[in-house]
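Chain residues, written in single-letter form:
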Amino acid sequence: MTHALPPAPTSSIDWDSLGFKWVDTNGHVKYIFKDGKWDQGEFVRDSYIKMHVCAPCLNYGQECFEGIKAFRCKDGQIRIFRPDANAKRMIYSAELACMAPVPEALFIEACERAVANNLEFVPPYGSGGALYLRPLLLGTGPEIGLYPAPEFTFIVSVIPVGNFYKGGVSPVDCLVVDSFDRAAPLGTGAAKLGGNYAPVLRHSSDAKARGYPITLHLDSKTHTNIDEFSTSNFVAITSSTETTTFCAPESPSILNSVTKQSLVQLAKSFGWAVENRVIPFTEVLDNRFEEIAACGTAAVITPVKSIERQGVKTLIGDSKSQAAIGPGFLRLFTAMRGIQNGDLEDPYGWMQPAQGIAPRQEA
């Protein structure tokens, strides 16, 4: 089915200088769960929400969120990257935090509806930018006792964001955080709850002030195995004369990154071996990996050139991989961005058409 081309990007934004921060758009989509069912939702032309002071999301952190991107593709159409995968992950997070889960179909409808009402805020094809979607599930009904909220609010807001790598993909230095455990072995680390992120802010901010853009957490029980970076998953590449191997930590305490899932599929399509296993930190010290990176929605891949722990700095790979993205991650990054931008075929059905519904004209 052929869709008419969506509106061109608005001229009110300087797309070349767009960063990763809030920009006002037409509004957001909001649904309410009450009396055992979700309502039909509405498009809200505002950047603020009103809720009860006793809302459990404010008092007890009963909330979860997701991060997704929509892209203006080469053919002029706008598509959302894998909203079904994010929908499934939000269901897991919601159930863990005793919230009403958002059905997958409603989640995808909300994403499409939010994008359809903000088409002019999707950055131009070729700019490296995207429309960032923030699905947010909140316990908003009044409840001062330690009980689940009687009412929930599901919101999808959108923000146009620029090219994360305007000057090219550059490797960064990483610092291991030993003084703080991000998630307990039987805790909430595998869910995308806000409470998993706020406690990390002080440590990541301190590290950035010292020249380390990202921080790495080890397992909370033994502090010997790699879990994940503060904001994204840990991935690595090792190669031999026989094969290239894509490695990712296996742990119940880390988020199941949609980006990582996608990179795994791409790696398999290249004929690479894939290892999801416990990764001892000693493998970093022993220089087992030619390439290490953080992977997530915002940047796709952030290559790491060094990892420092307790004053011991370990360089990753050779001098070339410390100065620029390595060949393995460059191939993965190029393939991922090619599919997202519509430059390459999408054999996995990752790109969901976003303008299948017309913008709803609501007050």
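The structure under discussion appears in the preceding block.
What counts, and at which threshold
Residues numbered from 1 in each chain as written. Predicted model: local features only at pLDDT ≥ 70, side-chain atom pairs only at ≥ 80, totals over all residues. Heavy atoms only, no water. Salt bridge = Lys/Arg side-chain N within 4 Å of Asp/Glu carboxyl O. Helix = DSSP H or I, 4+ residues; strand = E, 2+ residues; numbered from the N terminus. Buried < 20%, exposed > 50% of the residue type's maximum accessible area, 1.4 Å probe, protein only. Lys, Arg positive; Asp, Glu negative; His and termini not counted. Polar contact = N/O pair within 3.5 Å; in protein donor to acceptor, adjacent residues only side chain to side chain. Contact = heavy atoms within 4.5 Å. 1 Å grid on protein atoms, 1.4 Å probe; cavity = no way out; pocket = protein on both sides within 12 Å on 5 of 7 lines; lining within 4 Å. Points joined across faces, edges and corners; volume = space filled by probe spheres on them. Nonpolar A, V, L, I, M, F, W, Y, C, P; charged D, E, K, R; others polar. Axes fitted to C-alpha atoms, helices over the stretch in contact; angles between N-to-C directions. Parallel < 35°, antiparallel > 145°, perpendicular 65-115°, else oblique. Left-handed = near helix turned anticlockwise from the far one by under 90°.

## Let's talk about the pattern of salt bridges
Reasoning step 1: Here the structure, examined in full by the defined rule, presents 11 salt bridges.
Reasoning step 2: Notably, a salt bridge pairs K88 with E104, separated by 3.2 Å at the nearest N-O pair. Of the two residues, K88 sits in helix α2 (residues 83-96) while E104 sits in helix α3 (residues 104-116), which places them 16 residues apart along the sequence.
Reasoning step 3: Residue class for K88 comes out partly exposed when judged on its relative accessible area of 47%.
Reasoning step 4: Relative accessible area serves as the criterion here: at 29%, E104 is assigned to the partly exposed category.
Reasoning step 5: Among the salt bridges present, the one from E283 reaches R288, with a minimum N-O distance of 3.0 Å.

## Quick look at the side chain of R337
Reasoning step 1: If you trace the backbone, R337 turns up in helix α8 (residues 327-341).
Reasoning step 2: We note that R337 is buried and unpaired, the nearest opposite charge coming from D343 at a distance of 7.7 Å.
Reasoning step 3: In terms of polar contacts, R337 uses its side chain to reach the backbone carbonyl oxygen of G128, at 3.4 Å.
Reasoning step 4: Beyond its immediate chain neighbours, meaning those up to four positions away, R337 contacts F71, G128 and V300.

## As for the layout of surface pockets
Reasoning step 1: Within this model, the largest pocket holds a volume of roughly 1000 Å³.
Reasoning step 2: Residue lining of the largest pocket: 41 residues in total, with F20, S230, T231, S232 and A298 positioned closest to the centre.
Reasoning step 3: Among the elements of the structure, β7 (130-139), α4 (201-209), β10 (214-218), β11 (226-229), α5 (258-269), β15 (291-296) and β16 (300-309) are those that each provide at least two residues to the lining of the largest pocket.
Reasoning step 4: Here the lining of the largest pocket takes 4 residues from α4, the largest share from any one element.
Reasoning step 5: Here the residues of the lining of the largest pocket are counted per class, giving 20 nonpolar, 15 polar and 6 charged.

## Some points on the environment of T245
Reasoning step 1: When you line up the elements, T245 lands in strand β13 (residues 244-249).
Reasoning step 2: Sequence separation between T245 and E228 is 17 residues; the distance between their C-alpha atoms is 19 Å.
Reasoning step 3: Residue contacts for T245: discarding those within four places in its chain leaves A236, I237, T238, A273 and E275.

## Some remarks on empty space enclosed by the protein
Reasoning step 1: Inspection of the entire model under this criterion finds 1 cavity of 30 Å³ or more.
Reasoning step 2: By volume, the largest cavity amounts to about 90 Å³.
Reasoning step 3: In this structure, the largest cavity is lined by G67, I68, K69, F81, N86, V258, T259, G296, T297, V300 and Q340.
Reasoning step 4: Within the residue set of the lining of the largest cavity, elements represented by two or more residues are β5 (68-72) and α5.
Reasoning step 5: A breakdown of the residues in the lining of the largest cavity according to their chemical character gives 4 nonpolar, 6 polar and 1 charged.

## What about the packing of α2 against α3?
Reasoning step 1: Two elements in contact, α2 and α3, have axes whose closest approach is 9 Å; the angle formed by their N-to-C orientations is 125 degrees. One element, α2, and the other, α3, form an angle in the oblique class. In the packing of α2 onto α3, the handedness of the crossing is right-handed. Residue-level inspection shows P83, D84, N86, A87, K88, M90 and I91 of α2 in contact with α3, the latter providing E104, F107 and I108.
Reasoning step 2: Split into classes, the residues belonging to the contact of α2 with α3 amount to 6 nonpolar, 1 polar and 3 charged.

Without other data, these values stay purely geometric and don't point to any function.
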